[in-house]
Amino acid sequence: MTGVLYGVFTVADVQVALPLSELREVIPCPASFEPLLATGAGLVGAVNLRHQVIPVLDLRRLLGLQAPPGQDVVVVAAHDGVIFGLLAGAVRGVVHVDADADLGMTVNGELPPLFGRTFERPDDGAVVCVLDCAAIRRLPGIALATDTGGPSGAMAQAQAQGAASAGAGGTRGRGMMLLRAGEIGLCVDVSHIHSVVPELMLKSSPIDNGVIHGVVELGERYVPTVDTLAVLGLGALAPIDAKRGVALAFPRGLLTFAVTEVVSIVSAPPDDVLPTPAFGLPASAFAVGILPGQAGGSYLVLDGAALRADGELEVLAALGTPIGGAAPARREAPEGPPAQDGRVIEHRVRKYLTYLAGAEVATPLAQIEEIVPHPTDIIPFAGGGPTRGVFTHRSTSVPLVDLPALLGGPAAGDPAAARVLLVAGVGFIVPALRAIEESTWEERVPGDVPAPTSLAGSPLVKIGTRMLARLDLAGFARTMVGDREHGTDPGRD
């Protein structure tokens, strides 16, 4: 079955698509536009792109749509010999749509309808409007530039045709997004790109380290952002060079890769990709070749499928959090029969932090007040046992406890990789974080049962397909500090 490859972007809250044969490239929005001697509705001015003057249209103004907060990009479209730009909120990736999934639609109004077809995204079911470039050309007063050629156009059309032949066993030319990270050129198949962050406005987070530079707002979530060069083993990206972001979708969330520039999208036949040399580059499972002869020179080809299948990167992607910390709706179900110690199975959905403590375990996210790096300035405790000493945090003295040792296992290990969970006035050292995830069911423990002090005695919680020990860190903290005035335990409510 034949189909079409579409590039998808957002206009206000609407997902809009262009066939790749008409999508030339995506560039960051400039600080200001060049004025033109034209006053067409929605025309905001022009950009000078590699000595090509391109008029730019804001469809939101034309349609009276409210613009959501966030930085814009300019989607450069080419159609039947002319070229123009469209303001967009974000790029939402490339999707393949079967021919029979493309549905017609009629729009009545004084202006030419800007779309006449829609489709449902195969990945998330969102409705996408296919922009009609011919209708754009018919708008009163619109300025259009003569197309002088560029990196996509006919090549993107060849890519779409290649997708159809691939379904019949043919060889598919790949659409590649060219990136630059510092002085290093990188490229990745556009089918693996979820979205592009045109201006990387990073916020600090508790999981920051040499690889993670912070989080960025993407949609309704804070998404972790990694140093692309560090992930590839090619050094580190200077903070001044982390200007753009490329987001990839993982099974449990999104992960943004910091880059300096998004250069363009090109079509690369397989024969154009050269193998990497036997030496001269650091070994990386993600680098699979070199694409020469492009704008700016040669580019290191990255294996997008390998990046998205990497377990460590998936763990980082799962650490994204909702903006505003909105809690999921709870789903209650009748309790199961009680066990001998009074425990019952309760079906409920709530957020858990999963992490390592000798084994992978989980604690209700509501118990975690803060996550901080392992402190370097500690007053040590020489008496042995799991208590490591005291440190100060926000003008408060906090006892520092090695959680794996408290549970009877080996100590947490490398302080540089460890994190400290602040719960009810106690800092619990854990070797590594896993993710923030939702539960399916959990064992509920009666209030008169003491909090267990080992993994073997802990109640269980089901998260995804895993059953993990549910640690009551708030109960641990109350026992250790002797404070009986905390009220109801969030882990047992």
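Residues numbered from 1 in each chain as written. Predicted model: local features only at pLDDT ≥ 70, side-chain atom pairs only at ≥ 80, totals over all residues. Heavy atoms only, no water.

1. Overview of the overall build of the protein
Along its length, the protein carries 8 helices and 36 strands. For the protein, buried positions account for 48% of its 493 residues. Restricting the contact set of the protein to residue pairs at least 6 apart, pairs at least 24 apart contribute 61%. Here the protein displays about 22,800 Å² of accessible surface, and carbon together with sulfur accounts for 55% of that area. (Helix = DSSP H or I, 4+ residues; strand = E, 2+ residues; numbered from the N terminus. Buried < 20%, exposed > 50% of the residue type's maximum accessible area, 1.4 Å probe, protein only. Contact = heavy atoms within 4.5 Å. Areas by Shrake-Rupley, 256 points an atom, 1.4 Å probe, with all protein chains shown as cover.)

2. A few points about empty space enclosed by the protein
The full count for this structure, using the stated rule, is 5 cavities of 30 Å³ or more. Lining of the second largest cavity is provided by Leu179, Val188, Ile193, Thr228, Val231, Leu232, Val246, Leu248, Phe257, Val259, Leu302 and Leu307. Going through the elements one at a time, helix 4 (228–232), strand 18 (244–250) and strand 19 (253–259) are the ones with two or more residues in the lining of the second largest cavity. The element contributing the most residues to the lining of the second largest cavity is helix 4, with 3 residues. In the lining of the second largest cavity, the residues fall into 11 nonpolar, 1 polar and no charged. (1 Å grid on protein atoms, 1.4 Å probe; cavity = no way out; pocket = protein on both sides within 12 Å on 5 of 7 lines; lining within 4 Å. Points joined across faces, edges and corners; volume = space filled by probe spheres on them. Nonpolar A, V, L, I, M, F, W, Y, C, P; charged D, E, K, R; others polar.)

3. Some thoughts on the nonpolar core
The biggest cluster of nonpolar side chains holds 87 residues, and the ones touching the most others in it are Tyr355, Leu403 and Leu473. Here this core gets 5 residues from one element, more than from any other, and that element is strand 19. Aside from chain neighbours lying at most four places away, what touches tyrosine 355 is Glu360, Val361, Ala362, Thr363, Leu403, Leu421, Val430, Ala432, Leu433, Arg434, Leu471 and Leu473. (Core = buried A, V, L, I, M, F, W, Y, C linked by side-chain atoms within 4.5 Å.)

4. Brief notes about the sheet that holds strand 27 (residues 370–373)
Within the open sheet, the 6 strands sit side by side as 27-31-32-30-29-28. Their pairing is mixed. For this open sheet the edge positions go to strand 27 and strand 28 (379–380), each flanked by a neighbour on one side alone. Direction of pairing for strand 30 (residues 396–402) relative to strand 32 (residues 426–430): parallel, over a ladder of 3 bridges. Paired with leucine 400 across the two strands is glycine 427, which belongs to strand 32. Seen against the sheet, helix 8 (residues 473–481) touches strand 29 (387–393), strand 30, strand 31 (419–423) and strand 32 and runs at an angle of roughly 125° to strand 32. (Pairing = 2+ DSSP bridges. Axes fitted to C-alpha atoms, helices over the stretch in contact; angles between N-to-C directions.)

5. Quick word on the environment of isoleucine 463
Locating isoleucine 463 in the fold gives a position in strand 35 (residues 460–463). Linking isoleucine 463 and glutamate 438, residues 25 residues apart in sequence, is a C-alpha distance of 6.2 Å. Once residues lying within four places of it in the same chain are set aside, the contact partners of isoleucine 463 are Tyr352, Thr354, Ala362, Glu437, Glu438, Ser439 and Leu468.

6. Quick word on helix 8
Side chains of residues three or four places apart in an α-helix project in the same direction, reflecting 3.6 residues per turn. Along helix 8, the residues classified as buried are Leu473, Ala474, Gly475, Phe476, Ala477 and Arg478. Elements that come into contact with the buried residues of helix 8 comprise strand 25 (351–356), strand 26 (360–364), helix 7 (403–406), strand 31 and strand 32.

7. Points about the environment of arginine 61
Looking at the secondary structure, you find arginine 61 in helix 1 (residues 59–63). Residues arginine 61 and valine 44 lie 17 residues apart in sequence; the distance between their C-alpha atoms is 9.4 Å. Once residues lying within four places of it in the same chain are set aside, the contact partners of arginine 61 are Gly42, Leu43 and Val44.

8. A short note on unusual backbone geometry
Look at aspartate 80: it is not a glycine, yet its phi comes out positive at around 50°. Structurally, the position occupied by aspartate 80 is in the loop between strand 6 (73–79) and strand 7 (82–88). With a phi angle near 50°, alanine 424 is a residue other than glycine that sits in the positive phi range. Here alanine 424 shows up in the loop between strand 31 and strand 32. Its relative accessible area of 16% is what places alanine 424 among the buried residues.

9. Comments concerning the pattern of salt bridges
All chains considered together, the criterion is met by 6 salt bridges. Residue arginine 60 pairs with aspartate 58 through a salt bridge whose shortest N-O separation is 3.0 Å. Classification of arginine 60 by relative accessible area gives buried; the value is 8%. Across the salt bridge formed by glutamate 217 and lysine 203, the nearest N and O atoms sit 3.7 Å from each other. Taken as a pair, glutamate 217 in strand 16 (residues 212–218) and lysine 203 in the loop between strand 15 (193–197) and strand 16 lie far apart in primary sequence, 14 residues in all. With relative accessibility at 42%, the residue glutamate 217 sits in the partly exposed group. On the accessibility criterion, lysine 203 (37% relative accessible area) is partly exposed. (Salt bridge = Lys/Arg side-chain N within 4 Å of Asp/Glu carboxyl O.)

10. Comments concerning the pairing of strand 18
Of all 7 residues in strand 18, 5 are buried, a share of seventy percent or more. Direction of pairing for strand 15 relative to strand 18: antiparallel, over a ladder of 4 bridges. Within strand 18, the residue paired with isoleucine 193 across the bridge is leucine 248. Both strand 18 and strand 19 contribute to a ladder of 7 bridges, which runs antiparallel. Counted as the bridge partner of arginine 244 is valine 259 from strand 19.

11. Examining a nonpolar patch on the surface
On the surface, a cluster of nonpolar side chains totalling about 230 Å² of accessible area is made up of Val14, Leu63 and Leu65. Tracing the backbone through its elements, the reader meets leucine 63 in helix 1. (Patch = residues over 30% accessible without salt bridge, like charges linked within 9 Å, V, L, I, M, F, W, Y side chains within 5 Å.)

12. Topic: the environment of arginine 388
Among the secondary structure elements, arginine 388 is positioned in strand 29. In sequence terms arginine 388 and phenylalanine 428 are 40 residues apart; their C-alpha atoms lie 10.0 Å from each other. Residue contacts for arginine 388: discarding those within four places in its chain leaves Ile378, Ile379, Pro380, Phe381, Leu400, Asp402, Ala405, Ala411 and Ile429. Side-chain polar atoms of arginine 388 contact the backbone oxygen of glycine 385, separated by 2.7 Å. (Polar contact = N/O pair within 3.5 Å; in protein donor to acceptor, adjacent residues only side chain to side chain.)

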